[in-house]
Amino acid sequence: MSVWDDVIGQEAAVTTLSRAVTDPDAMTHAWLLTGPPGSGRSVAAKAFAAALQCPDGGCGTCRECRTALEGTHADVDIIATEGLTLKVDLARDLVQLAARRPSVGRWRVIIIEDADRLHERAADALLKALEEPVARTVWILCAPSLEDVIITIRSRSRHVRLRTPPVEAVAALLVRRDGIDPAMATFAARAAQSHVGLALRLARDEGARNRRREVIALAAKIRSVGDAVGAAADLDLIAKDEAVAASNERDSTERARLLETLGADPGARTQPPHVRAQVSALEREQKTRATRFTRDVIDRSLMDLISIYRDAMVMHSGAPIGLVNQDMADQVRQLVGVLSPEQLLGCLDAIGTARERIDANVAPLLALEAMAISLQLPR
Ligand SMILES: [Zn+2]
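About the criteria used
Residues numbered from 1 in each chain as written. Predicted model: local features only at pLDDT ≥ 70, side-chain atom pairs only at ≥ 80, totals over all residues. Heavy atoms only, no water. Core = buried A, V, L, I, M, F, W, Y, C linked by side-chain atoms within 4.5 Å. Buried < 20%, exposed > 50% of the residue type's maximum accessible area, 1.4 Å probe, protein only. Helix = DSSP H or I, 4+ residues; strand = E, 2+ residues; numbered from the N terminus. Contact = heavy atoms within 4.5 Å. Patch = residues over 30% accessible without salt bridge, like charges linked within 9 Å, V, L, I, M, F, W, Y side chains within 5 Å. Areas by Shrake-Rupley, 256 points an atom, 1.4 Å probe, with all protein chains shown as cover. Salt bridge = Lys/Arg side-chain N within 4 Å of Asp/Glu carboxyl O. Lys, Arg positive; Asp, Glu negative; His and termini not counted. Charge placed at Lys NZ, Arg CZ, Asp CG, Glu CD.

A.B. asks: Describe the nonpolar core, listing the residues and the values that go with them.
C.D. replies: Counting 40 residues, the largest nonpolar core has Leu 302, Leu 305, Tyr 309, Met 371 and Leu 375 as the members making the most contacts within it. Put simply, the parts of the chain that give this core at least two residues each are helix H10 (206-217), helix H11 (225-261), helix H12 (273-317), helix H13 (329-338), helix H14 (341-359) and helix H15 (364-374). Sequence-distant contacts of Met 371, defined by excluding residues within four places in its chain, comprise Leu 235, Leu 302, Leu 305, Ala 350, Ile 351 and Ala 354. Counting 31 residues, the second largest nonpolar core, distinct from the first, contains Val 7, Val 14, Leu 52 and Ala 68.

Shown next, in the form of structure tokens:
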């Protein structure tokens, strides 16, 4: 067993990181791990942290390894944001933390899971720490790609690239780590296009499988502008439903905990001003989180939609490549019957444009409508 067991399909990255653990010349104080969503950036970052803390370089079983992997090690801090940006106050706190010696471990490790969400001023604050390394402190920054990270940060850290793991490796992980049935694991890994977290959700949650099927089925249904507007509304609604389902319970727990901390009566009709102020600050934060979550869900739906047009391209070409949507081969065949490869490319472009526009803060429903209108099937 080793801490690297769950870092699947990343031989080159694992070689680089594990060499840094054993060879001081191969070590540096700031690392930047990049890789597409679902490639396992945070899993790799935690494994690296564990290997650095472990007396045996990452045995995977000792206390140091286990706590670092679980995220409870006293000298491993994991920063994940659910808001849209990482704020400057947080960055200043981290810089102070970085100056302190490790309390129990061999290193102080600070993992920032969304370095692409560093606010510009936050990045400036961090830069100072990256420019003046502290002997036993290591920064591990994660982001989708180099281009997502502010250049000054990029130039002061060592880059390690993760790739999309092969479907077979993702399926094998779900079987071994999560006890998923092999046939389901293979289906989920393929349908999730090797996104590990998504594959696990598809494997475990029938609702998620149904939502995915509904999204993909939309492709073969859009025959008029009316259908297009309806399809866009459906996509938007599916995402909002999922966001509500994911956040309701958590939002009210947070609110109850805040009231308790402030010594306020949760049943009171009106709260004193200082309580009201804190509650509305929390509500703003929750709203931001819901917005981000909804956008992430829409983006994932669009990735699902892309997969069926890609499958249709593959079927057109006759190349001996497995379909992502093997379970929906009938719908793929239907698209192949009515759309030429050029028209399929046009559809892929339209979906790509919608993703870019939503990423640039265009209201999702508007971007989705424009996209769906371009996806109309010829009559
Ligand atoms: Zn260990």
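A.B. asks: Please set out a negative patch on the surface residue by residue, giving values where relevant.
C.D. replies: A contiguous patch of negative charge on the surface is contributed by Glu 147, Asp 148, Glu 356 and Asp 359. By the element assignment, Glu 356 lies in helix H14.

A.B. asks: Describe in detail the pattern of salt bridges, supporting the description with residues and values.
C.D. replies: Across all of its chains, the model carries 16 salt bridges by this definition. Here Arg 255 ties to Glu 283 by a salt bridge, and the two come within 4.0 Å at their closest N and O atoms. Taken as a pair, Arg 255 in helix H11 and Glu 283 in helix H12 lie far apart in primary sequence, 28 residues in all. By relative accessible area, which is 35% here, Arg 255 ends up partly exposed. Its salt-bridge partner being Arg 333, residue Asp 330 comes within 3.1 Å of it at the nearest N-O pair. Of this pair, Asp 330 and Arg 333 both sit in helix H13, separated by 3 residues, roughly a single helical turn. Its relative accessible area of 48% is what places Arg 333 among the partly exposed residues. One salt-bridge network, in which partners are shared between bridges, spans Asp 114, Arg 292 and Asp 296.

Honestly, that's just the spatial picture; any functional story needs more than this.
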